[in-house]
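Listed below, chain by chain, are the residues.
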Amino acid sequence: MATIHEQIDELLAADLHDELSAAERDGFHAHLVECAECRQAFQEEKNMHKLLNETIADKKADPGFEQRMVSRFRDRVPKRSGLISVVADLLRVRAVQLTAVAALLLALAQMGKMITGESVTPSKRNEYISDIVEADRDKPGASRESGLLSKTDGRSKGADLPAQNPPPPAPAQDKSNTPVEGLRQLPSFVGNTKTKKAEVQDENAVNEKEAPAAQGPSEQATPSPLANRKLVRNATAELEVVSFDESVQKITGFATEEKGYVATTSSEKQANGKLRGEVVVKVLPDNLDRFLQKLRGIGELKNQALTTEDVTKAYFDTESRLKNARLMEQRLIEILKTKSKDVADLLAVEKELGRVREEIETMQGELKLMDSQVAFATMTITLAEKNMNIPAAFLLKEKAQLSLYATEVEKTYNEIKALASPKVQITTAQIDRDNTGRVSARLSLLLAPEESDAVINKVKGMARVENFQVQTERVSQGGDGLGENAKTERDKVELNVTISRDEQEQSLQQTTLRVRTSDVNEKTKQLRTIAEQQNGRIRSSSFSRDPNGREYANVSLRVPMKNYNALMQSLNALGKVENVSVHRDDRPNAQIDEENAPADVSIQVYSQGNIVSEETGIWATLRRTIGQGAAALMWSARMIGVALAFLAPWVLAIAGVSWVMRRVSRARAARKLRAEEEAGPQ
Amino acid sequence: MTDASEHEIYRAAIRGDRDAFETVIRSFSRNLFAIAYGILQNREEAEDVVQDTFVKAWKSRWRVRDAAKFPAWLSTIARHRARDLARRRRPEPLPEDFESSEAVEFESAGQKADLDGEVRSALAQLPELHRIAVTLRYFEEQDYGTIEQTLGLTNGALRGILGRALGLMRKRLKPVLASIG
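Given the structure is predicted, the values throughout are model-derived calculations rather than measurements.

Looking now at the overall build of chain A. When its secondary structure is counted, chain A shows 22 helices and 15 strands. The 682 residues of chain A split such that 19% are buried. Residue pairs in contact within chain A that sit at least 24 positions apart in sequence constitute 80% of those at least 6 positions apart.

Residue and element names in this part refer to chain A. Ordered in space as β12-β13-β15-β11-β14, the 5 strands form an open sheet in which the pairing is mixed. Unpaired on one side and paired on the other, β12 (537–545) and β14 (576–584) mark the two borders of the sheet. Taken pair by pair, the neighbouring strands of this sheet meet at an average axis angle of 15°, ignoring direction. One ladder, built from 8 bridges, connects β12 with strand β13 (residues 551–560); its direction is antiparallel. Looking across to β13, one finds that R545 is bridged to E551. Strand contacts of helix α21 (residues 561–571): β11 (509–516), β13, β14 and β15 (598–606), with the helix running at about 150° to β13, the strand carrying the most contacts.

Before going further, it helps to spend a moment on the nonpolar core. Note on soluble globular proteins: their nonpolar side chains tend to be buried together. With 62 residues, the main nonpolar core has I35, A36, V50 and A133 of chain B as its most contacted residues. With 12 residues, helix α2 (residues 18–40) of chain B is the single largest residue contributor to this core. For V50 of chain B, the residues in contact, after removing those within four places along its chain, are M69 of chain A together with S29, L32, F33, A36 and A78 of chain B. Counting 23 residues, the second-largest nonpolar core is a separate cluster that includes F244, V283, L306 and M379 of chain A.

We now examine unusual backbone geometry. You will see that K259 of chain A, though not glycine, has its phi angle at about 60°, which is positive. The backbone of Q41 of chain B sits at a positive phi, close to 60°, despite the residue not being glycine. Within the secondary structure, Q41 of chain B sits in the loop between α2 and α3 (43–59). Of the residues examined, Q41 of chain B has 21 C-beta atoms within 10 Å and is grouped as buried.

With that settled, the discussion passes to the confidence of the model for chain A. Note: predicted coordinates in regions of low pLDDT should not be interpreted at a detailed level. Averaged over chain A, the pLDDT score is 77; the fraction of residues at 70 or greater is 76%. Overall, residues 120–224 of chain A carries pLDDT values under 50, and its contacts beyond four positions in sequence, including any with other chains, amount to 105 contacts.

Look at helix α2 (residues 8–16) of chain A against helix α9 (residues 157–172) of chain B: their axes get within 7 Å of each other, and the N-to-C directions meet at 100°. Judged on the interaxial angle alone, α9 of chain B and α2 of chain A are roughly perpendicular. From α2 of chain A, D9, E10, L12, A13 and A14 of chain A reach across to α9 of chain B, where they touch R159, G160, L162, G163, R164, L166 and G167 of chain B. For the contact of α2 of chain A with α9 of chain B, the class distribution of residues is 5 nonpolar, 3 polar and 4 charged.

Let us look at the interface of chain A and chain B. The interface is formed by 36 residues belonging to chain A together with 42 residues belonging to chain B. Broken down by secondary-structure element, the contributors of at least two residues to the side of chain A that touches chain B are α2, α4 (36–55), α5 (65–76) and α6 (82–90) of chain A. Here the side of chain A that touches chain B gets 9 residues from one element, more than from any other, and that element is α4 of chain A. Here the residues of the side of chain A that touches chain B sort into 15 nonpolar, 8 polar and 13 charged.

It is worth spelling out the sheet that holds strand β1 (residues 231–241) of chain A at this point. As a general point, the strands of a sheet are linked pairwise by backbone hydrogen bonds and lie either parallel or antiparallel. Residues and elements named next belong to chain A. If you trace the 5 strands from one edge of the open sheet to the other, you get β2-β3-β5-β1-β4, paired in mixed fashion. Two strands lie at the open edges of the sheet, namely β2 (261–269) and β4 (300–310), each paired on one side alone. Along the sheet, successive strands turn relative to each other by an average axial angle of 10°, direction set aside. Sheet topology note: the β1/strand β5 (residues 377–385) ladder contains 8 bridges and is parallel. Note on β5: the bridge partner recorded for A235 is M379. Of the strands in this sheet, β1, β2, β3 (275–283) and β5 touch helix α14 (residues 244–257), which is tilted by about 5° from β3.

Residue and element names in this part refer to chain A. By the burial criterion, the buried members of α21 are Y564, L567 and L571. All buried residues of α21 fall inside an arc of 75° around its axis, so they share one side. Facing away from the buried surface of α21 by more than 90 degrees, the exposed residues are N565 and Q569. Considering only its buried residues, α21 is in contact with β11, α20 (520–533), β13, β14 and β15.

All names here are of chain A. The buried fraction of β14 is low, at 0 of 9 residues. Bridge count for β11 against β14 is 7 bridges, and the pairing is antiparallel. For T512, the partnering residue across the bridge sits in β14 and is S581.

Below, the discussion takes up the confidence of the model for chain B. Residues and elements named next belong to chain B. Per-residue confidence for chain B gives a mean pLDDT of 81; residues scoring 70 or more make up 85%. Put simply, helix α5 (residues 94–109) is where chain B has its lowest mean pLDDT, 44, and α3 is where it has its highest, 90. Ignoring residues within four places in sequence, the model shows residues 93–109, a span with pLDDT below 50, making 18 contacts including any to other chains. As scored by the predictor, the complex reaches a pTM of 0.35 and an ipTM of 0.81.

A few words on the packing of α2 of chain A against α4 of chain A. All names here are of chain A. It is the contact of α2 with α4, at a shortest axis distance of 10 Å, that shows an interaxial angle of 45°. Between α2 and α4, the interaxial angle falls into the category oblique. Between α2 and α4 lies a crossing of right-handed hand. Two secondary-structure elements touch here, α2 through I8, L12 and L16 and α4 through C38, A41, F42, E45, K46 and H49. A class-by-class count of the residues in the contact of α2 with α4 yields 6 nonpolar, 1 polar and 2 charged.

About the thresholds
Residues numbered from 1 in each chain as written. Chains lettered and ligands numbered in written order. Predicted model: local features only at pLDDT ≥ 70, side-chain atom pairs only at ≥ 80, totals over all residues. Helix = DSSP H or I, 4+ residues; strand = E, 2+ residues; numbered from the N terminus. Buried ≥ 20, exposed ≤ 12 C-beta atoms within 10 Å, placed from the backbone. Contact = placed C-beta atoms within 7 Å. Pairing = 2+ DSSP bridges. Axes fitted to C-alpha atoms, helices over the stretch in contact; angles between N-to-C directions. Core = buried A, V, L, I, M, F, W, Y, C linked by C-beta atoms within 7 Å. pLDDT = per-residue confidence, 0-100. Parallel < 35°, antiparallel > 145°, perpendicular 65-115°, else oblique. Nonpolar A, V, L, I, M, F, W, Y, C, P; charged D, E, K, R; others polar. Arc of directions from axis to C-beta. Left-handed = near helix turned anticlockwise from the far one by under 90°.

Written out as structure tokens, the structure is:
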């Protein structure tokens, strides 16, 4: 009953609390009868139980306690209205929390996008306009005037034209808002500014469509500023057409329709028989845009550019200088008439008059030129005919590939080189020797068509041909269809020759066999003589003897296919031929000279050796066993080392961490204990 | 009440059903009071702790994943609250409180107060869990299984705890017990 005695504390309490099973209680009471010590403890415990019931039990919560708790809870946590509580409860669900976080992030991202202005549609326009403004600023001489001009424009047009787009934000560098305002009516602005070129590229289709559309009304609305401006408009276009002549006719028609004329045409015939040329058309500037539209119907538009140059200032400068020069002329004539005394003076005045008149003429010419440029816009059209279907001629290109096997690569290589003549050109020739002593050569020849067959046959005769391929290509010139009338020409034949040593050649047939004989050495010698008789070459041989006294000689040799059968016959004389296996590589794609193709034969000549091996018997077995045991021991030692290498760092790390943690918890416990001791004695 | 219907009530309380939660308050407030008293040895403070425990439990009820552990969770909150309170009044240590008040009472109330004080000081010297176990048992006289569930103990653990607790107290109160005997 030792266990009952040891567990007496537990049993005493459980008995008093009526928590013992019947069997436990019987055992316990039986023990009490035997054990005086436990009986004593039982008595004490009973007293204490009574004492505890008396003292502690009356500290317990009073009967109204639960009701008090409930009503205080009601006070402290007031009932919320239905909706709020539903929302509050919902917010506690993990899925709802995640959704809310995701929504918040999305909202932030969207806000960031709005702030940085990453949306696509409005910004494109802004960029385009600010580019122009930038370009404007690059020309400081013009900028002030253009600013002024556009200011007046903007004012006069503001009433007539409602803004098509909300004004883009002005770039911060701009001092005033006015240039940007002016830019809103882009085409007219370009027209008004001095020495400004606005190129309308074809790929910028949106802008191009807008340009003519916006130009119409703006020109009509503001006739006064434009009427005084001298504008030179030029355009270039490149078109691909079916027929050059037809297109020129159409263009001439369009030009007449738009009150213009064809100034020049030029054309040239190209190698493939196509025409390519240029047409310069002069049309009234106002009709230029319409003309451009019509032009598109002629053929495929490759590119197009439109430039406008304002020559107003230059024009009026020249005009006023001309006026001055005329006055000067009048004065000089008057001097000549009235104050002519001295001949020298007279001459000087005459000379001056001549200079002034020359100047006047030049300026008149300039003005006339400008007038004509302003009066008519210049349109330069480049026309190119499309590729036609019917080719002009065919060219037959032949390419031949020849692989050779030669016993002496260098000799063959030199023979081919010696063929060189005006009709046989050698374009490349190289001979390679790698570090294992293998030699190969490569030659490229260009052969005149009439000589080619003869030369190729000659080269083929120089060595054994491994492979020969001819590739013929018909190249059509100036078209991609089939031409019945086109003549066919033979181009030079390109011949590429590679020469390798026949040793490197892969054998057509490989044979392995074993010959059992009593005297390996003697039979191997015989084998060598047989091989020589059959025109074969020994490629490698080896000899070995194993611990059992068996001898092996491995001989590998190569013979031409025609001698193969004779060789196999004569091998029977050496001994018993065993384990013959033949492997043949057929190369259906290559032209093979079968008679001379090489066949490899590997022969193992071997003897029987001792009947009882030296490696048998009790001692040998014992030796082997001990050896294997030692090896296993060493292996396990190595494995243990590996395992230690795996575990040791972790064990050390864990030990270190647990040591620190134990120190910390011990220090904390000590502090707590101290605090309790300090508190205790009082 | 069967286990299933109890769990149903716990689940409803966790979902936010106030009636169910008030039922829980009614059935657990005495247990929690016993726990708090076991730690604090002071009725007013223990009552406050029970209050706070229910309010806090209501606010963070959605953290309870397993309804079966709801009682143990409540008692854990109460223990933490009580412990916090005990720590806060450290500067005015617990035993001093007793003995000075005992000393005053000793003269006036005589034998009964003396016994009372001895028992309380013996109880105060027990480890926390033991103290709680004793108060829970003697306040509400519940069976061991219920107490184990309340405290989140494994089955059968309470027997050892109570045995040790009473054994320790017995040894400490030996002279007093002898005098009663």
